Amino acid sequence: MAQVKTLLKSIGGFVDAKPVRSYDFISIGSGPAGERAAIIAAQYGRRSAIIEMAARPGGAMVNTGTVASKVLRETALVASALRRRPIPGCEGGVPKGLSMKRFMARRTLAQLEEADHIEYRLEGSGVEIIHGRGEIVDGHTVRVTHDDGSSLLLTTEYILIATGSSPARGKHVDFSHPAIVDADGILELDTMPHSLVIVGAGVIGSEYAGIFGELGVDVTLIEPRNTLMRFLDEEIRAVLLHGMDEVGIKLRFGQSVAKVEGLANGRARTTMADGSTIESDCVLWSLGRNGNTAHIGLENIGIEPDERANIKVDARYRTSCRSVFAAGDVIGFPALASTSMEQGRVAACHMFDIPFLTKIADTVPIGIYTIPAIGAVGLTEEEAVSGGRDIVVGRAYYRDNPRGRMLGDDTGMLKAIFDRHTRVLLGVSIVGMDATELVHFGQLAIHSGHGIQYLVETCLNYPTLTELYKTAAFDAIAALLAPATAKAAA
């Protein structure tokens, strides 16, 4: 107890804290990065704990982000299934008067189930979950403040900051009005809007545009830049834009918003920089996210976040304080649940010299759950060309694939980028049904150094969308042979 009293006295303002508990690893946050890191540490014999201020674990991935929005997407597609794949004699379209509560029901169930699974994994691995707000006192001490105001001091060898991110809020936007929401608030709407303005055509904004557009909501998508998600392959983006246009989503690119205000009639008004206005039942503000780094004690260990409140880390996910690591959305791009999981694992392995995982794979896939969905891995055509690569492109269209026709997808496509000389696969971009699943076959081929020859020789199930890879490989062969054929004909 003498050591405990000495520690308490040395920490100004914390003298009323309860006695210290000791751990090898503590994560502040139970999202994908914190959960995976804690499990790795515990499985290799380290005493591990997670501090979480929410009632259930999972972070934004479960409670407000990945799981929630993806369940809503699937619900929207089910609701509109007969419209997309009509059956003679059966009426299609979204049910009239679909309430927000009924629409959200499946999402709530999926969130509860996923939180249960996370708790099961943590408890099964021996990770202790401590509820409260975590604040770093020094490089080896964390203070937990509970809802009742009591506090607890924890000491640890290593700390992982996995606090995630929150939607960025514009200063000229009246978020106090119920018709104006961010990506968290959109999930708490009481009624289904008839009209929706979305400001920001990034991943989140584009995904929600697809969800509500699919339900027949009058959607206007505003983006200050000249197009959406510029990191996408141009042809793939064109297919997505066509799909948005088909369901009636109004696209306004290259336009900035000056103000968003709530109206007395319960609606909202969006004022553009040119003075024009749009009235709608709801406005979703979706221009970026900021790291959750406020009030967690970074100033106590000499860490200063960047302008987006993100934390800078090295290749091992270590901060400028050697005993403190950070992973997940709180370190910024790419801010995906999939990469956050791997970052957490890598960080834990470096902390304790665990010979399990030392870096994330070079080929990281992207899955965007727009309607239609997009999957991409490796280089786009634009990236390959700008990088000086001599390439050949193979394309395959869903409308030419029997499985694609069965699914009613007549606009989807797979685009494969090959090195012209070695013929290895450099990148794949897909837009259409199951694109986020199909992309993993391309990821494996790139990682293994396979290419055209492997794809044409591989026997694939029929009928499947995976055959699109073989079709793209044959298309690339035709492109390679075209100069010789033209020369012979001449």
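Keep in mind that this is a model prediction, so the values were computed, not measured.

Describing the packing of helix 4 (residues 66-79) against helix 7 (residues 203-214)
And then number 1: Helix 7 packs onto helix 4 with a crossing angle of 30° between their chain directions and a minimal axis gap of 9 Å. By the angle class used here, helix 4 and helix 7 are roughly parallel. Of the two possible hands of crossing, helix 4 and helix 7 adopt the one that is left-handed. Counted together, Ser-69, Lys-70, Leu-72, Arg-73, Ala-76 and Leu-77 of helix 4 and Glu-207, Tyr-208, Ile-211 and Glu-214 of helix 7 form the full contact between these two elements.
And then number 2: In the contact of helix 4 with helix 7, the residues fall into five nonpolar, one polar and four charged.

Points about the sheet that holds strand 13 (residues 268-272)
And then number 1: The three strands are arranged 12-13-14 in an open sheet whose pairing can be described as antiparallel. At either margin of the open sheet sits one strand with a lone partner, and together these are strand 12 (257-262) and strand 14 (277-280). Strand-to-strand twist of the sheet, defined as the mean angle between neighbouring strand axes without regard to direction, takes the value 15°.

Some thoughts on the pattern of salt bridges
And then number 1: This structure, assessed with the given rule, holds 24 salt bridges.
And then number 2: Close ionic contact of Glu-74 with Arg-73 constitutes a salt bridge, the shortest N to O distance being 2.9 Å.
And then number 3: On the basis of relative accessible area, Arg-73 is assigned to the buried category, the value being 9%.

Some remarks on the nonpolar core
And then number 1: Phe-25, Leu-154, Leu-160, Ile-161 and Met-351 are the most contacted members of the largest nonpolar core, which has 56 residues in total.
And then number 2: Residue contacts for Ile-161: discarding those within four places in its chain leaves Ile-28, Ile-136, Ile-296, Leu-298, Ile-311, Val-324, Phe-325, Ala-326, Ala-327 and Val-330.
And then number 3: One finds Ile-211, Ile-236, Leu-241 and Leu-284 within the second-largest nonpolar core, a separate group that totals 39 residues.

Let's talk about the sheet that holds strand 9 (residues 195-199)
And then number 1: With respect to topology, five strands assemble into an open sheet ordered 8-15-9-10-11, the strand pairing being parallel. In this open sheet, the two edge strands, each paired with only one partner strand, are strand 8 (180-181) and strand 11 (250-253).
And then number 2: Strand contacts of helix 7: strand 9, strand 10 (218-223) and strand 15 (282-285), with the helix running at about 165° to strand 10, the strand carrying the most contacts.

A closer look at unusual backbone geometry
And then number 1: A cis amide bond links Phe-333 with the next residue in sequence, Pro-334, at an omega value of 5°.
And then number 2: The topology assignment puts Pro-334 in the loop between strand 17 (324-326) and helix 9 (337-351).
And then number 3: Here the residue pair Tyr-462 and Pro-463 is connected by a cis peptide bond, since its omega of -5° sits within 30 degrees of zero.
And then number 4: By the element assignment, Pro-463 lies in the loop between helix 13 (452-457) and helix 14 (467-489).
And then number 5: Positive phi, normally seen in glycine, also occurs at His-295, with a value near 60°.
And then number 6: Within the secondary structure, His-295 sits in the loop between strand 16 (289-291) and strand 17.
And then number 7: Classification of His-295 as exposed rests on a relative accessible area of 65%.

Section: the confidence of the model for the chain
And then number 1: Summing up the model confidence of the chain, the mean pLDDT is 91 and the portion of residues at 70 or higher is 93%.
And then number 2: Low pLDDT, under 50, characterises residues 9-15; the predicted model gives this stretch nine contacts beyond four residues in sequence or across chains.

Comments concerning helix 9
And then number 1: Taking 1.5 Å of rise per residue, the 15 residues of helix 9 would be expected to cover 21 Å, and the 21 Å separating its terminal C-alpha atoms lies within 8% of that figure.
And then number 2: A large share of helix 9 lies buried, amounting to 12 of its 15 residues.
And then number 3: Among the residues of helix 9, those classed as buried are Ala-337, Thr-339, Ser-340, Met-341, Gln-343, Gly-344, Val-346, Ala-347, Ala-348, Cys-349, His-350 and Met-351.

Examining the side chain of Ser-280
And then number 1: Tracing the backbone shows Ser-280 in strand 14.
And then number 2: Look at Ser-280 and you get buried, because its relative accessible area is 1%.
And then number 3: A polar side-chain atom of Ser-280 sits 2.9 Å from the main-chain carbonyl oxygen of Cys-282.
And then number 4: If near-sequence neighbours (up to four positions away) are discounted, Ser-280 is found in contact with Ser-195, Leu-196, Val-197, Arg-267 and Ala-268.

Structural notes on the environment of Ile-446
And then number 1: Considering the arrangement of structural elements, one finds Ile-446 in helix 12 (residues 435-448).
And then number 2: Sequence separation between Ile-446 and Leu-425 is 21 residues; the distance between their C-alpha atoms is 5.5 Å.
And then number 3: Not counting residues within four places of it along the chain, the set of residues in contact with Ile-446 comprises Thr-363, Val-377, Gly-378, Leu-425, Leu-426 and Gly-427.

Comments concerning the packing of aromatic side chains
And then number 1: For the structure shown, the criterion picks out four aromatic pairs.
And then number 2: Judged by centre distance (6.4 Å) and plane angle (35°), the rings of Tyr-208 and Phe-212 are tilted. Residue Tyr-208 and its partner Phe-212 are both found in helix 7; the two are separated by four residues, about one turn of the helix. No difference in accessibility class separates Tyr-208 from Phe-212, as the two residues are buried.
And then number 3: Every member of this aromatic cluster is reached through a ring pair, and the members are Tyr-158, Phe-325 and Phe-352.

Regarding helix 12
And then number 1: Taking 1.5 Å of rise per residue, 14 residues should cover 20 Å, and helix 12 covers 20 Å from first to last C-alpha, within 8% of that figure.
And then number 2: Among all positions of helix 12, only Ala-435, Thr-436, Leu-438, Val-439, Gly-442, Gln-443, Ala-445 and Ile-446 are buried. Take helix 12 and look down its axis: the buried residues cluster within an arc of 165°, on one side only. In this structure, helix 12 carries Glu-437, Leu-444 and His-447 as exposed residues pointing more than 90 degrees from its buried face.
And then number 3: Downstream of helix 12 by a residue or two, Gly-449 has a phi angle that is positive, lying close to 75°.

Procedures and definitions
Residues numbered from 1 in each chain as written. Predicted model: local features only at pLDDT ≥ 70, side-chain atom pairs only at ≥ 80, totals over all residues. Heavy atoms only, no water. Axes fitted to C-alpha atoms, helices over the stretch in contact; angles between N-to-C directions. Helix = DSSP H or I, 4+ residues; strand = E, 2+ residues; numbered from the N terminus. Parallel < 35°, antiparallel > 145°, perpendicular 65-115°, else oblique. Left-handed = near helix turned anticlockwise from the far one by under 90°. Contact = heavy atoms within 4.5 Å. Nonpolar A, V, L, I, M, F, W, Y, C, P; charged D, E, K, R; others polar. Pairing = 2+ DSSP bridges. Salt bridge = Lys/Arg side-chain N within 4 Å of Asp/Glu carboxyl O. Buried < 20%, exposed > 50% of the residue type's maximum accessible area, 1.4 Å probe, protein only. Core = buried A, V, L, I, M, F, W, Y, C linked by side-chain atoms within 4.5 Å. pLDDT = per-residue confidence, 0-100. Expected span 1.5 Å × (residues − 1). Polar contact = N/O pair within 3.5 Å; in protein donor to acceptor, adjacent residues only side chain to side chain. Phe/Tyr/Trp six-rings, centres within 6.5 Å; stacked < 30°, edge-to-face > 60°. Arc of directions from axis to C-beta.

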